[in-house]
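The primary structure of each chain is shown beneath.
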Protein chains: 2
Amino acid sequence: MFIQGKTSIPQFLIQRASLTPDRAALFFEGSCWSFEELRQMSLLYAARLTRCGISRGQLVAIQMHNCAEMVFIIHGLMMIGTQTLFLNGRLTDCEREWQLQDAEADFLITDRETESKAAILTLSSIRETESQPFSVRREMNLSETATIMYTSGTTGRAKAVKQTYGNHVFSAFGSVLNLGLRDNDKWLCAMPLFHISGLSILIRSVIYGSPVVLHRHFDPKLANQAILTEGVTIMSIVSTMLSRMLDELGEEDYPKTFHGMLLGGGPAPMPLLERTTAKGIRVFQTYGMTETSSQIATLAPEDALRKLGSSGKPLYPCQISIWKNDREANRNEPGEIRVKGPNVTPGYLHDRGKEAFREGWFYTGDLGYLDEDGYLYMLDRRSDLIISGGENVYPAEVESVLSAHPDVKEAGVTGISDDIWGFVPAAALVLKEGAVFKQEEILHFCKERLAKYKIPKRYIILKELPRNASNKLVRKELSKYFM
Amino acid sequence: MFIQGKTSIPQFLIQRASLTPDRAALFFEGSCWSFEELRQMSLLYAARLTRCGISRGQLVAIQMHNCAEMVFIIHGLMMIGTQTLFLNGRLTDCEREWQLQDAEADFLITDRETESKAAILTLSSIRETESQPFSVRREMNLSETATIMYTSGTTGRAKAVKQTYGNHVFSAFGSVLNLGLRDNDKWLCAMPLFHISGLSILIRSVIYGSPVVLHRHFDPKLANQAILTEGVTIMSIVSTMLSRMLDELGEEDYPKTFHGMLLGGGPAPMPLLERTTAKGIRVFQTYGMTETSSQIATLAPEDALRKLGSSGKPLYPCQISIWKNDREANRNEPGEIRVKGPNVTPGYLHDRGKEAFREGWFYTGDLGYLDEDGYLYMLDRRSDLIISGGENVYPAEVESVLSAHPDVKEAGVTGISDDIWGFVPAAALVLKEGAVFKQEEILHFCKERLAKYKIPKRYIILKELPRNASNKLVRKELSKYFM
């Protein structure tokens, strides 16, 4: 029955396997698992993880790259009933340790040989562990936290987003109402599973009963091949990936059964849209973030050119409004984008960032407006966020690392445009008196403390950083130094 | 955000009209309304009803037959935020008054000229009322009661089922995961909107953004025409309707774009399934009831012959189990069917029938079993329920009316099979000493007190009724007298 606070739904994978056991669930590097086989493999990994000491209610971190075993472990942990913390596979040891400690993780499951203060379970050790019976979760409460993801690596502003089972269910519901559901649907996941863009594909797959084709990492040739010859009908993507796929595709065309590209990470540039239109490829441009458990707005392909640059309208269970000076903005008036919906996180771990949640709305910090027809246009990412090849880079986090270098007095970081990655970080440094800039040394310093995609690709030395009247760093003004 | 107890979603129709204003929403007798037009019409009716005195939180009854205005009123009442009580259009005045009083209805909206103790608003008077501005509901809490439907007409066992917004949302979600969602979907509603089978089509339409073709009542020729020439792709139906449509269809075939028939009201007989199979018509056999806000289990067409007589497997958010002697039954072992899911009612009005809700499960009273593959087979309807042409007839209610007749000492009612209606009620009477059976008089007596479909079609006179050791009437044994 539906009584709020008590509403539960059957365990995602167990229910799916009991309804459609023989349907294909997962394709990975030449192997295929049905939903029943996926259930069995996930149960096996859950039983091994139980023997390793993992039990219901614990907080278990995963740092892995896409592979079938990662899928088994994700579902296995849900069967046990842990809260699963997804670590970006590209974090440095230093960043990872910070997140593990901050989240108070009980275990770290990883595919690499490493050392950690947390209890480590490597993939190879898990494989060799015997099974131990455990109490399989049959139902999940919708308000239970299923997954956790940090929005940045370290620093005081790092916030870990909690995603509940209810969030995931309503995200899948909103998406299906928007994209439809056909018998032949087959989703290509070339996004990392540690991102909400990748993880949500996996969860939609078991809820919808349609298969996922999982790639270890994004490769334009392999991605095209999956669409051309392996029956993939839909794919999640960011602009840079799409552009590389079109380059690789050349004169070929996707089959008519290909439904389209779900494009996140900011609006697609006009020339790219023109190329996809010419090719007859449908592009669904979306707006979303970790806090909204995947998309919260999507632009229909028929509006892609008419509403160029827009992220479309909210998903059915969601609302978007623009907030300015403590009131709702008028149409076409820019302000802060705020969102509401059952797919929006109930909050951050340790109750951080509470000020972003007011009266049921989440204030994204992103700037944008709604046009006269209610279409969302994003003007600027929150907190000067730099999106580099689909990864979020927070300037403040990078600045905090740079400032810790003995030669650096102050640092300002901004995004500069890049042909491959869309944007990359670039740094303006103010050196301490007498210090000399040694780029190699700075790079080495960063490499130990920052995931590779966060390390500034260009540097300039300034006498002072541009600041506004209240002495706040104006990062936008840094851009001119890199033109 | 998803916090249980506080989760809200946008108002169904207002959200749909803001997302896809120009899509077709409703077809009725040659007219068509887009979602934006439907929103405007519903707002107009809501504003008129406001002027009539209807306001948020009230309990408003509707007794109408299918028509476009009924749709405007249903959505209009949701915009105001009433609890809407759906009265069966075939109830006698006497039955209707009982329900209005029992539910403590504030208003009765009706399309007929009648008298009532409740405040009556006739359709013609509403049409002539001026608009009055009101505070339009923008969001609905998922735990709010949206609709109410009685499971029987009167008597002590009459229970009014509350359906929340959450119930309707999860019902639509479970259905879309089962039936899919295509761009050309168009649902024919020839079921009464006062039944959950009809109402749920209307609600799915605004949630999915796909149109409904509404018929005033079921007519096999018009229904076939809608499929053959008006682009209808799916239809909700019961066996007797399907059989009459096939008779009328003759040698013609439905177009390939026709998706299938959602068949409720008990399993389809074998010859009917063979006819549909021969015609290439997909039939989705379902199990559901007012308490589950439409379907809760469905049999996939590919299993229709292999699992003959089964109602299939639960919808994705739902669970079904068989309960016997205070434990879960084994596979193939019959017992009481119990169901669980976010589409299941939180309970009956006035807290009646609480004993049917235990530990999150609703005990349906229906008998059935799950086979070794988890497919549900229903053996017997709860409480000797008779389903006659899709309408529920409760023997106890009919017996109570018969027993009130001055000539009748005792009455027993059972269902006997009927070529057109599947089953019809039949009565065994024990007369008072010296009384003589006058069928015309009994029929007249019933007609004043019972909806037509509840009136027994055949009668026999017995010296005593068959009773078991504890003196309980054994209705099944009555059947033999009518063979």
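Nothing here was measured: the structure is a model prediction, and the numbers come from that model. (Residues numbered from 1 in each chain as written. Chains lettered and ligands numbered in written order. Predicted model: local features only at pLDDT ≥ 70, side-chain atom pairs only at ≥ 80, totals over all residues.)

Another point: the sheet that holds strand β28 (residues 458–461) of chain A. Residue and element names in this part refer to chain A. Pairing is mixed in the open sheet, where three strands are placed in the order β26-β27-β28. Bordering the open sheet on either side are β26 (408–418) and β28, each of which pairs with just one other strand. Each neighbouring strand pair of the sheet contributes to a mean axis angle of 25°, computed without reference to strand direction. Looking at chain direction, β26 and strand β27 (residues 422–431) are connected through ten bridges and run antiparallel. Paired with A411 across the strands is L429, a residue of β27. On the sheet, helix α11 (residues 395–403) packs against β26 and β27 and is oriented at approximately 140° with respect to β26. (Pairing = 2+ DSSP bridges. Helix = DSSP H or I, 4+ residues; strand = E, 2+ residues; numbered from the N terminus. Axes fitted to C-alpha atoms, helices over the stretch in contact; angles between N-to-C directions. Contact = placed C-beta atoms within 7 Å.)

Attention shifts here to the interface of chain A and chain B. Contacts between the two partners involve 39 residues from chain A and, on the opposite side, 39 residues from chain B. Taken together, the elements giving at least two residues each to the side of chain A that touches chain B come down to β1 (8–10), α1 (12–19), α6 (165–179) and α7 (196–208) of chain A. Of the residues assigned to the side of chain A that touches chain B, the class counts are 21 nonpolar, 15 polar and three charged. (Nonpolar A, V, L, I, M, F, W, Y, C, P; charged D, E, K, R; others polar.)

Our next topic: the confidence of the model for chain A. For chain A, per-residue confidence averages 92 on the pLDDT scale, and 96% of positions sit at 70 or higher. We note a pTM of 0.88 for the whole complex and an ipTM of 0.87 for its interfaces. (pLDDT = per-residue confidence, 0-100.)

Overlay of chain A on chain B (RMSD 0.1 Å): rotation 180°, translation along the axis 0.0 Å. Here the two chains are linked by the operation of a two-fold rotation axis. Taken as a fraction of all interface residues of chain A, those also at the interface in chain B reach 100%, which identifies the copy contact as same-surface. (Least-squares fit on C-alpha atoms with pLDDT ≥ 70 in both.)

All names here are of chain B. Taken together, the buried positions of helix α4 (residues 93–103) are occupied by E95, R96, Q99, L100 and A103. With its buried residues spanning 135° around the axis, α4 presents them on a single face. Residues of α4 that are buried make contact with β4 (59–63), β5 (83–86), β6 (107–110), β9 (145–150) and β10 (160–164). Positive phi shows up at E104, right after α4, with a value of about 55°. (Buried ≥ 20, exposed ≤ 12 C-beta atoms within 10 Å, placed from the backbone. Arc of directions from axis to C-beta.)

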